[in-house]
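Structural features, examined
Spelled out, the chains give:
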Amino acid sequence: MMEVVAAENHQKPSVIWSSTDEVAEYKQILRVKRNIRYAIVGILLFIISAFSYGIYWLAYDMDRLPEGEYLTEATSPAGTYTVKAYRTNGGATTAFAIRGELVFNKQKRDPQNIYWNYREDQAEINWLDDDRVVINGHELHVPHDRFDFRRQN
């Protein structure tokens, strides 16, 4: 059995252990408490991460854009890429938007959405060279650049 001895001058009390079994039991309790804290922090981080990704997926993921109505397309000078433009209609209370899709002509890859702009109903696509395209005044270096009006300041 452990005994708590109060020190004079209001110092922190010290513990006197009567056996090594009590010391081992006390250390085990401390380990369990520490593991529980780590588990709670891990679970909270997982929940926050999942919630953050869910918001990104719902509001900002360009792979979830509506298909839209085909408008036009333009192929790069060397024929490596084609950009197809689609007009989407969000309904009576929203304006049109333009979605630009990059098609890989010489590679077996899925098309990628590279352009998304609100309050546009026409698409003008001009290639500057085989890797640079201008869509409605926004220059993009394909295949890596993206324009998304939701990410603009």
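The paragraphs below set out a description of the structure included in this document.

How each quantity is defined
- Residues numbered from 1 in each chain as written.
- Predicted model: local features only at pLDDT ≥ 70, side-chain atom pairs only at ≥ 80, totals over all residues.
- Heavy atoms only, no water.
- Phe/Tyr/Trp six-rings, centres within 6.5 Å; stacked < 30°, edge-to-face > 60°.
- Helix = DSSP H or I, 4+ residues; strand = E, 2+ residues; numbered from the N terminus.
- Buried < 20%, exposed > 50% of the residue type's maximum accessible area, 1.4 Å probe, protein only.
- Lys NZ or Arg CZ within 6 Å of the ring centre and 35° of its normal.
- Polar contact = N/O pair within 3.5 Å; in protein donor to acceptor, adjacent residues only side chain to side chain.
- Contact = heavy atoms within 4.5 Å.
- Patch = residues over 30% accessible without salt bridge, like charges linked within 9 Å, V, L, I, M, F, W, Y side chains within 5 Å.
- Areas by Shrake-Rupley, 256 points an atom, 1.4 Å probe, with all protein chains shown as cover.
- Salt bridge = Lys/Arg side-chain N within 4 Å of Asp/Glu carboxyl O.
- Pairing = 2+ DSSP bridges.
- Axes fitted to C-alpha atoms, helices over the stretch in contact; angles between N-to-C directions.

Applying the stated criterion across every chain, the model contains six aromatic pairs. Each ring, one from Tyr81 and one from Trp127, has its centre 6.4 Å from the other, and the planes form 5°; the classification is stacked. In this pair, Tyr81 sits in strand 4 (residues 81-89) while Trp127 sits in strand 7 (residues 125-129), placing the two residues 46 residues apart along the sequence. Comparing Tyr81 with Trp127, the two get one shared label, buried. Seen from their ring centres, Trp116 and Phe149 are 6.4 Å apart, and the 35° between their planes marks the pair as tilted. Of this pair, Trp116 sits in strand 6 (residues 112-118) while Phe149 sits in the segment after strand 10 (147-148), and the two are 33 residues apart along the sequence. Assessed through its relative accessible area of 28%, Phe149 is described here as partly exposed. A network of ring pairs unites the aromatic residues Tyr81, Phe104 and Trp127 as a single cluster. Against the face of Phe96 rests Arg87, its NZ or CZ located 5.1 Å from the ring centre.

With that settled, consider the side chain of Asn117. In this structure, Asn117 sits in strand 6. Judged by relative accessible area, Asn117 falls into the buried class, the value being 11%. Within the structure, the side chain of Asn117 is placed 3.3 Å from the side chain of Tyr115, a separation counted as a polar contact. A polar contact is formed between the side chain of Asn117 and the side chain of Glu120, at a distance of 2.9 Å. Each residue touching Asn117, except ones within four places of it in the same chain, is listed here: Ala97, Ile98, His138, Phe147 and Phe149.

A cluster of nonpolar side chains, contributed by Tyr53, Tyr56, Trp57, Leu58 and Tyr60, occupies part of the molecular surface with about 530 Å² of accessible area. In this structure, Tyr53 sits in helix 1 (residues 20-59).

In this section: the sheet that holds strand 7. Strands belonging to one sheet form pairs held by backbone hydrogen bonds; the direction of such a pair is parallel or antiparallel. Here we have three strands laid out as an open sheet, ordered 7-8-9, and antiparallel in their pairing. Each edge of the sheet is formed by a strand with only one pairing partner; in this case those strands are strand 7 and strand 9 (138-141). Here the average twist between neighbouring strands, direction ignored, is 25°. Bridging between strand 8 (residues 132-135) and strand 9 involves four bridges; their strand directions are antiparallel. Across the sheet, residue Arg132 finds its bridge partner in strand 9, namely His141.

Without other data, these values stay purely geometric and don't point to any function.
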